[in-house]
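Breakdown of the fold
Residue strings, one per chain:
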Amino acid sequence: KDVTKKNNKTTVRVNLVSPRSFIGRCSQAEPMKRTTSNSGNKTRKAAKAAQSVKAKKPGATPSTELQNDKSYIGRRVSKKFDGAIYSGTVTKFIPRHRLWAIKYDDSDGEEMDWNDLSNAMDLHDGKSNNEAKKKKKSVTKVTPAQDEKLKPARALKPSTSSATDFALKFRVIRRIYPSDGSESYSNEHIVGEYATQEQANEAAWNEMNNTCQFEDWGKDQFAGRAPPYSSADAPCEMTADDHEFVDIHVVDISKEKANKKRQLKVTKSSKPPAKIKSSVGKKEIDSPKLSARKFGKTSQPIIVDGNLFARNPCRIIGGTSRHPSEYPNYHKAVGSFGFLIQRLSDRNYAMRALCLDGYGARYNTYKKGSKYISVVWYPPTNLNDHAKDKTIVDGCHLDLIDPDDGRTYLTGFNLESAIVNAGEPVKCLFLNGAESNPGSAISANDIARAISKCNDSLQCVSLTECKLNAALTDALSSCSNLRGMIVENCQIWGRGSDRPTDALLSDVLRSCPDLRWCYVKSSLFGTECWNALAAEDVCPGLEVLWVDAPMHTEERVNTARGDHDTIRSALKVRANTLKLCMINPDDKNKSRHMIGGVKKTDRLNGRARTEEEKHARRMIQNSGGGSYLNTV
């Protein structure tokens, strides 16, 4: 099941964190790709489908659900963002995912499912969801038939009144996967859930007849047969141009749940993989032999702990323990979505180990595909060791991610409850806001309040794909005992004085004299931050500085933000304290500035764009692409 972005006019591969790009997103994990077909093949099949529809009698016309869905185009909606209400218009309906595209009056946009659209229409009409269900008032009149059609598809209820008979016991699934056998992606869509096997079989048959991959042959070949139905069974001449196969099958819901329950039980009882022995023990750290601490890249093997999160359930309420196979690319090891979250978690615990226990910081890299580098950290202790540590509130957890659409279950209320009821002062707060996915609800103000609840005890904070506003940076500035900070791919939020700035982030650096780990992957890190670090009394004990904030202009790419002489000066005065320094890493994960290096190791000015790159940039800008990236 695809997860959509705010703007899908262009496909942008970007280093994000939650499953969507689960769809094409993550440089760190094998992405879950959108299903696309050869354009010529699609045109041919569409033409055949149109002809077949014209040939049908009026009594055999397809369902009017599509027409009902499209009837909401032009409808006015409203949505609340950080306490303010913004209004917009429904501009488009996307049948494949059953989503409605919204364009707000301030030119921003997003896509909504039916539940979100219904709430947005209710809010615009000035009534609550309960009032909407009772009174059914709206600016645009909706017929009962339309309202019923827009609800998630369900089978007709049987005539008996027995509650047991009403139970939906069977699910029809449509699965799409590449025809080349690569299994590089596999997208599943729930067609519907039904009370009886007969209803489910009938729905599967209808779905097969309405799917273009089965056109001209499926009805004859599968006549009299119960599902499953696979387009891979088509005659060779029918599949020559197909880049994707479609399977349609029926699942017994109760058996599926029982099987998943058994798998999860086995997974939870599994033992963690053997831990790589650290090059320096805790006793050595407590002794004067601090030179034994090691930093930088290592050649240690990369270990995938596929059962890490199932073995150590999230302690924040709202999460759901699932077998890791329910998440994308489970069988692809380092290319799985679960391993993406594992790497983020291990990085958080590597920060904790350095800041609280005095360990060094080691990492390795691997390459997925032809271009993108992923980083793996090696914490001496990780979630396996701290699952019950009451001083840690860990919201960077697979249990908090919806495997279907990548949104997070994390809310402000649940986060605050975890901190208040922790039982001990919270020293570490790790959050993944999954902001790149529609439906993720936790706000910047929610996180700011949570940080304030920690008071002076907070020593490590990690914010990945969270909303970031001025209140949140102010909350970080108030953490005078902060030793470690990670800000990665956070979406800049707010207007006017509520919007975070380079200057506000520099205040965090000036307000945290004990900062030892600073990892920032955000365009906020610029001139003011470098000016702060140029002062020797700011973060004098800083050991890890990882800044990934390149600036791309019409003429150049990967240029460091800020005055380059100031950057050189700031790094030079810290030559004796910085153990790991990475500035705007390139596609080989090499820093674009080496302290004390020769001239060729200073690449703060980036490089000039080629003419092809300039043309591609103009094309993206003209198409409106990259809008999400511009807010990160």
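Heads up: the structure comes first, above all this text.
Here is a short report on the structure shown in this document. (Residues numbered from 1 in each chain as written. Predicted model: local features only at pLDDT ≥ 70, side-chain atom pairs only at ≥ 80, totals over all residues. Heavy atoms only, no water.)

Structural notes on the overall build of the protein chain
For the protein chain, the count of helices and strands is 21 helices and 24 strands. When each of the 632 residues of the protein chain is scored for burial, the buried share is 49%. Taking as baseline every contact in the protein chain between residues at least 6 positions apart, the subset at least 24 positions apart corresponds to 69%. Of the roughly 30,400 Å² of accessible surface on the protein chain, 51% is carried by carbon and sulfur atoms. (Helix = DSSP H or I, 4+ residues; strand = E, 2+ residues; numbered from the N terminus. Buried < 20%, exposed > 50% of the residue type's maximum accessible area, 1.4 Å probe, protein only. Contact = heavy atoms within 4.5 Å. Areas by Shrake-Rupley, 256 points an atom, 1.4 Å probe, with all protein chains shown as cover.)

What to know about unusual backbone geometry
Put simply, P227 and P228 share a cis peptide bond, and its omega is 20°. Looking at the element boundaries, P228 is found in the loop between α8 (218-221) and β7 (229-230). With phi around 60°, N558 is a residue other than glycine that occupies positive phi space. Position of N558 relative to the elements: it lies in the loop between β21 (556-557) and β22 (559-560).

Examining the environment of L505
With respect to the secondary-structure elements, L505 resides in helix α18 (residues 502-511). By relative accessible area, L505 is classed as buried at 4%. In the structure, L505 is positioned 27 residues away from A532 in sequence and 9.8 Å away in space, judged by C-alpha atoms. Setting aside residues up to four positions removed in sequence, L505 forms contacts with V520, L524, F525 and C529.

Notes on the nonpolar core
Judged by nonpolar contacts, the single largest core of 60 residues is most densely connected at I451, L463, M485, L509, F525, W530 and L545. The biggest single contributor to this core is helix α16 (residues 444-454), with five residues. For W530, the residues in contact, after removing those within four places along its chain, are F525, L545, V547, R561, T566, I567, A570, L571 and I583. (Core = buried A, V, L, I, M, F, W, Y, C linked by side-chain atoms within 4.5 Å.)

Digging into the pairing of strand β1 (residues 76-81)
Bridge analysis of β1 against strand β2 (residues 84-94) gives six bridges, and the strand direction is antiparallel. Bridge assignment links V77 to a residue of β2, and that residue is G88. Count of turn residues in the β1/β2 antiparallel hairpin: two residues, of which D82 carries a positive phi of about 50°. (Pairing = 2+ DSSP bridges.)

Here's the deal with the pattern of salt bridges
By the definition in use, this model includes 27 salt bridges. The residue E488 makes a salt bridge to R347 at a minimum N-O spacing of 2.4 Å. One end of the pair, E488, is in strand β16 (residues 484-488); the other, R347, is in helix α13 (residues 337-357), and 141 residues separate them in sequence. A relative accessible area of 1% places E488 in the buried class. Two residues, D357 and R352, come together in a salt bridge whose shortest N-O distance is 2.9 Å. (Salt bridge = Lys/Arg side-chain N within 4 Å of Asp/Glu carboxyl O.)

Focus on the sheet that holds strand β23 (residues 580-583)
The seven strands lie next to each other as β12-β13-β14-β16-β18-β19-β23, forming an open sheet whose pairing is parallel. Each having just a single partner strand, β12 (392-395) and β23 make up the two edges of the open sheet. In this sheet, adjacent strand axes meet at a mean angle of 5° when their direction is disregarded. (Axes fitted to C-alpha atoms, helices over the stretch in contact; angles between N-to-C directions.)

Here we look at helix α15 (residues 412-420)
Buried within α15 are the following residues: G412, N414, L415, S417, A418 and I419. Packing partners of the buried residues in α15 comprise β12, β13 (428-432) and α16.

Looking at the sheet that holds β1
Reading across from one edge, β1-β2-β3-β4 is the order of the four strands in this open sheet, with antiparallel pairing throughout. Of all strands in the sheet, those bounded by a partner on one side alone are β1 and β4 (109-112). Here the average twist between neighbouring strands, direction ignored, is 40°. In the packing of helix α3 (residues 114-124) onto the sheet, contacts are made with β1, β2, β3 (99-104) and β4, and the angle to β1 comes to roughly 95°.

Thoughts on the packing of aromatic side chains
Inspection of every chain in the model, using the stated rule, returns 18 aromatic pairs. Ring geometry for Y72 versus W114: centroids 6.0 Å apart, planes at 75°, classification edge-to-face. In this pair, Y72 is assigned in the loop between α2 (65-70) and β1 and W114 in helix α3, connecting sequence segments 42 residues apart. According to the relative accessible area criterion, Y72 is buried, its value standing at 3%. Note on W114: relative accessible area 11%, which makes it buried. Between F93 and W100 the ring centres are 5.0 Å apart and the planes differ by 50°, which places this aromatic pair in the tilted class. Considered together, F93 and W100 belong to a single accessibility category, that of buried residues. Taking NZ or CZ as reference, R175 lies 4.2 Å from the ring centre of Y177, over its face. Directly above the ring of W493 sits K467, whose terminal nitrogen or CZ lies 5.0 Å from the centroid. (Phe/Tyr/Trp six-rings, centres within 6.5 Å; stacked < 30°, edge-to-face > 60°. Lys NZ or Arg CZ within 6 Å of the ring centre and 35° of its normal.)

A short note on a positive patch on the surface
A surface patch of like charges, here positive, comprises K297, K367, K588 and K590. Within the fold, K590 resides in the loop between β23 and β24 (607-608). Residue classification places K590 among the partly exposed positions, given a relative accessible area of 49%. (Patch = residues over 30% accessible without salt bridge, like charges linked within 9 Å, V, L, I, M, F, W, Y side chains within 5 Å. Lys, Arg positive; Asp, Glu negative; His and termini not counted. Charge placed at Lys NZ, Arg CZ, Asp CG, Glu CD.)

Quick look at the pairing of strand β8 (residues 244-252)
Bridge count between strand β5 (residues 170-178) and β8: nine bridges; the pairing is antiparallel. Counted as the bridge partner of R171 is V251 from β8. Where β7 meets β8, two bridges bridge the pair, whose relative direction is antiparallel. Across the sheet, S230 pairs through a bridge with D247, a residue of β8.

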